[in-house]
Amino acid sequence: MPFKIVRNDITKMNTEAVVNTANERVVVDTGCDSAIYAAAGYDELLAYRRDHIGDVPEGEVFITPGFNLNSEYIIHAVSPLYIDGESGEEDRLRSCYRKALSLADEKGIRSIAFPLISTGGFGYPKEEGMRIALDEIKAFLEDHRMIIYLVVFDEKSASLGRRAYPGLEEYIDRNYVEQASDAEYSSSYSKASKNRLSLGLMLKMGMSRSEKASARPREEAQGESARPRREEAARPRREEAFASDDMDLCEAAASFEEKHESRLEERMRHLSDTFSEYLLYLIHDKNMENAEVYKRAIVDKKTFSKIKNNVDYHPQKLTALCLCVGARLNLDESKDLLARAGYALSPCDKTDIIFSYFIENEIYDMIELDIQLEEHGLPCIIA
């Protein structure tokens, strides 16, 4: 297990080193920086930086003792402030990971815990920050041996654990346990049970016929002369009611036509689309950008390019599921898109059920979804 994403308070990690998101000046910032200083010993750590380090530019790193932390060392990565994504922030953020890992390797550190650098108070978009972290960590591990943790949530989130989504457990129980039970017992569903159901329906229908039969003599006993007067009196009210209903139906039809008919026709024109064609249509229909979708899905740009440029490209199921999240699809749209690649959301697969829960509840957060997979003992996607 050289690399793992965890939900924890980084100050509680039992690794040889932890990484801090530091400011370029000798000041303490909010978030991770403040938490690390508080846990290590605020005055002692700040004095050490002032006396031994001083100012450090963005993208650079320095190392200090861990003081009161469980970790022997703190590697401080001077985190870039996100401006617009076009001001060199990515290069400086990549430098933070690369240089922190290189410094840890120089010191012989065998285990290290990173926060998701710059994605808190420094404003870096979380999904893009995750992509950069994964790129640099995986590149480092190709040539080095080190246990690396990426700690993606704060202390409050860590204390919640699975309770962060209490509805998820109920959802899994309802959709997985019941489906599994149905599959187990469906073969033993006896013909006698079906016969009892049919008999119940027959009895109900028989009672209805007998009730009607008993009512007929009473109606006949009142005489045929009363029926025309009743019908004559009721006719104007019926005609008024029918006219009102017709107007309501016309208004409803016009409203539906105005709101949905053109979109329905548009969808109908895409009935024969492949996975690639339909995904690109949905992205366009939702006024999204391709980069926005694959970044949110944490899908590699090269993989997305293959999907985009090859109408017959057949993605892996997990890639397709991640793109459903990235494109913010609802459950019906997700099922439709998956079907075009030959996949379905299985009620007997917990990974599918967790994806279904997140999509159905419009939680389009791949990092949190990956944590939930790990907490339920399932293979992670990102790590």
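Scroll up to find the structure.
In short, a report on the structure. Small disclaimer: the values here were computed from a predicted structure and weren't measured.

1. Re the nonpolar core
Inference 1: Ranked by size, the top nonpolar core spans 77 residues in total, and within it I75, I112, F114, M130 and I148 carry the most contacts.
Inference 2: Excluding residues within four positions of it along the chain, I148 makes contact with P2, F3, K4, L101, I112, F114, I137, F140 and L141.
Inference 3: Ranked by size, the runner-up nonpolar core spans 15 residues in total, among them I10, L46, A113 and Y149.

2. Let's talk about helix α13 (residues 331-339)
Inference 1: Where α13 is concerned, the buried positions are L331, E333, S334, L337 and L338. One face of α13 carries all of its buried residues, which in axial projection span an arc of 160°.
Inference 2: Here α13 starts with a cap whose side-chain oxygen sits 3.1 Å from the backbone nitrogen of D332, and that cap is N330.

3. Observations concerning the sheet that holds strand β5 (residues 111-115)
Inference 1: The 6 strands lie next to each other as β1-β6-β5-β2-β4-β3, forming an open sheet whose pairing is mixed. The sheet is open, and its two edges are formed by β1 (3-6) and β3 (61-65), each paired on a single side. Taking each pair of neighbouring strands and ignoring which way they run, the sheet shows an average axis angle of 25°.
Inference 2: Sitting on the sheet, helix α1 (residues 32-40) touches β2 (17-22), β4 (73-78) and β5, and the angle it makes with β2 is about 130°.
Inference 3: On the sheet, helix α4 (residues 126-141) packs against β1 and β6 (147-151) and is oriented at approximately 175° with respect to β6.

4. A closer look at the pattern of salt bridges
Inference 1: If you walk through the whole model with that rule in mind, you get 17 salt bridges.
Inference 2: Note that R25 and D55 form a salt bridge whose closest N and O atoms lie 3.0 Å from each other. Of this pair, R25 sits in the loop between β2 and α1 while D55 sits in the loop between α2 (42-52) and β3, placing them 30 residues apart in sequence.
Inference 3: Taking the relative accessible area as the measure of exposure, R25 reaches 48% and is therefore partly exposed.
Inference 4: Of the charged contacts, one joins K295 and E128 as a salt bridge, the two residues approaching to 3.9 Å between their closest N and O atoms. With K295 in helix α10 (residues 290-297) and E128 in helix α4, the pair connects residues that are 167 residues apart, well separated along the chain.
Inference 5: Assessed through its relative accessible area of 13%, E128 is described here as buried.

5. Structural notes on the packing of aromatic side chains
Inference 1: This model, assessed by the stated rule, comprises 7 aromatic pairs.
Inference 2: Plain terms: the ring middles of Y82 and Y124 are 4.9 Å apart, the flat faces sit at 70° to each other, and that makes the pair edge-to-face. Placement of Y82 in the loop between β4 and α3 (89-106) and of Y124 in the loop between β5 and α4 is noted, with a sequence separation of 42 residues between them.
Inference 3: Residue classification places Y124 among the buried positions, given a relative accessible area of 4%.

6. Things to note about the side chain of H76
Inference 1: Relative to the helices and strands, H76 is located in strand β4.
Inference 2: A distance of 2.9 Å separates the side chain of H76 from the side chain of T64, its partner in a polar contact.
Inference 3: Apart from the residues within four sequence positions on either side, H76 is in contact with N20, A22, L45, E60, V61, F62 and T64.

7. Comments concerning α1
Inference 1: Every buried residue of α1 is accounted for by C32, D33, I36, Y37 and A40. Burial along α1 is one-sided: seen end-on, the buried residues are contained in an arc of 130°.
Inference 2: In this fold, the buried residues of α1 make contact with β2, α2, β4 and β5.
Inference 3: Following α1 by one or two positions, G41 adopts a phi angle in the positive range, close to 120°.

Thresholds, definitions, all that
Residues numbered from 1 in each chain as written. Predicted model: local features only at pLDDT ≥ 70, side-chain atom pairs only at ≥ 80, totals over all residues. Heavy atoms only, no water. Core = buried A, V, L, I, M, F, W, Y, C linked by side-chain atoms within 4.5 Å. Buried < 20%, exposed > 50% of the residue type's maximum accessible area, 1.4 Å probe, protein only. Contact = heavy atoms within 4.5 Å. Helix = DSSP H or I, 4+ residues; strand = E, 2+ residues; numbered from the N terminus. Arc of directions from axis to C-beta. Polar contact = N/O pair within 3.5 Å; in protein donor to acceptor, adjacent residues only side chain to side chain. Pairing = 2+ DSSP bridges. Axes fitted to C-alpha atoms, helices over the stretch in contact; angles between N-to-C directions. Salt bridge = Lys/Arg side-chain N within 4 Å of Asp/Glu carboxyl O. Phe/Tyr/Trp six-rings, centres within 6.5 Å; stacked < 30°, edge-to-face > 60°.

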